[in-house]
Amino acid sequence: MATALHNLSDYDFDSVPDASNMCFGIVVAEWNSEITGTLLEGAVKTLEKHGALSENIHVKTVPGSFELVYGAKQMVLNGGYDAVIILGSVIRGETPHFDYICQGVTYGIARINATQDTPVIYGLLTTNNLQQAKDRAGGKLGNKGDECAVDAIKMAKF
Ligand code: DLZ
């Protein structure tokens, strides 16, 4: 489970299906945009590396991670996507706000996955500080965006 034991950008290239006929929706949170922008870059680059066409990758932004659930739901209900990816970064502060946002997003996305037919990939970084987020957004532990792209292709094929 610990990302410290696993680089988020490492995977077996040949195990990933061809994505050239697939269409993806990505919802990105604007909060902590330094982090979420890098997650987005990784996700798009990895989808394209596996054949996805740029015109078949549709990106929408929402203000914060809490809004990712609404964004994903709209994409699932209206978009005709093979898979949807959510990308956000929640960094622990001094109040319990962190826990409420993380729980809300996690349950919300799980609920969409349990009730709808389009897979939603969970790219929410939930870290204790900014450095931990940087480590997972193109830093020493790879890029969660890469991992989400690979998972989106595999789930689209599923
Ligand atoms: C309010 C808030 C706080 C304190 N922290 C974060 C954060 O670290 N990451 C994030 O994506 N969003 C944060 N937000 C904003 C909430 O997700 C949400 O946008 C607002 O509460 C409005 O619904």
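Structure first, text after, so check above.
Residue numbering note: each chain is counted from 1, following its sequence as written. This being a predicted model, a pLDDT of at least 70 is required before a residue's local features are given, and a value of 80 or more before pairs of side-chain atoms are given or counted; all residues contribute to the totals for chains, interfaces and linings. No hydrogens and no water enter the side-chain calculation; it runs on all heavy atoms of the structure.

Attention now moves to the overall build of the protein chain. Helix and strand content of the protein chain: five helices and six strands. Numbering of helices and strands runs from the N terminus; a helix is a DSSP stretch of H or I covering at least four residues, while a strand is a stretch of E covering at least two. The N-to-C order of helical and strand elements in the protein chain reads β-α-β-α-β-α-β-α-β-β-α. For a compact globule the rule gives 2.2 Å times the number of residues to the power 0.38, and the radius of gyration it is set against comes from C-alpha atoms. For 158 residues, the compact-globule estimate of 2.2 N^0.38 gives 15 Å, and the C-alpha radius of gyration of the protein chain, at 15 Å, lies within 12% of that figure. Each principal axis of the C-alpha atoms in the protein chain carries an extent, and together these give about 45 × 35 × 25 Å. Three exposure classes are used, based on accessible area relative to the maximum for each residue type with a 1.4 Å probe and protein chains only: buried under 20%, partly exposed in between, and exposed over 50%. Relative to its full complement of 158 residues, the protein chain shows a buried share of 46%. The long-range share in the protein chain, meaning contacts at least 24 apart out of those at least 6 apart in sequence, stands at 79%. To be clear on the numbers: accessible area is Shrake-Rupley with a 1.4 Å probe, and residue cover counts the displayed protein chains and nothing else. When the accessible surface of the protein chain is summed, it comes to about 8,400 Å², and 51% of that surface belongs to carbon and sulfur atoms. Working rule for contacts: check all heavy atoms of both residues, and any pair within 4.5 Å makes them a contact.

On to the state of the cysteines. In this description, the term disulfide denotes a pair of cysteine sulfurs within 2.5 Å. Using the criterion set out here, one finds zero disulfides in the structure. Cysteine Cys 23 remains unbridged, with the sulfur of Cys 148 as its closest cysteine sulfur at 17 Å. Residue classification places Cys 23 among the buried residues on the basis of a relative accessible area of 16%. Looking at the unpaired Cys 102, the closest cysteine sulfur is the one in Cys 148, lying at 15 Å. Given the relative accessible area of 10%, Cys 102 is considered buried.

Let's shift gears to the pairing of strand E2 (residues 57-62). Being paired, for any two strands, means DSSP has found at least two bridges between them. The pairing of strand E1 (residues 24-29) with E2 spans six bridges and is parallel. Bridging across to E2, Val 28 finds its partner in Thr 61.

It is worth spelling out the packing of helix H1 (residues 33-49) against helix H5 (residues 144-157) at this point. Interaxial distance between H1 and H5 falls to 7 Å at its minimum, and their mutual angle equals 40°. Taken together, the axis directions place H1 and H5 in an arrangement best described as oblique. For the crossing formed where H1 meets H5, the hand is right-handed. For the pair H1 and H5, the contacting residues are Leu 39, Gly 42, Ala 43, Thr 46 and Leu 47 in the first and Lys 144, Gly 145, Asp 146, Ala 149, Val 150 and Ile 153 in the second. For this classification, Asp, Glu, Lys and Arg are treated as charged, while Ala, Val, Leu, Ile, Met, Phe, Trp, Tyr, Cys and Pro are nonpolar and the rest, including Gly, are polar. Of the residues belonging to the contact of H1 with H5, the class tally is six nonpolar, three polar and two charged. Inter-axis angles, ranging from 0 to 180 degrees, are taken between N-to-C directions of lines fitted to C-alpha atoms, where helices are fitted over the stretch in contact. For classification purposes, an angle smaller than 35 degrees is called roughly parallel, one larger than 145 roughly antiparallel, one from 65 to 115 roughly perpendicular, and anything else oblique. The crossing is said to be left-handed when, going from far helix to near helix, the turn is anticlockwise and less than a right angle, and right-handed when the turn is clockwise.

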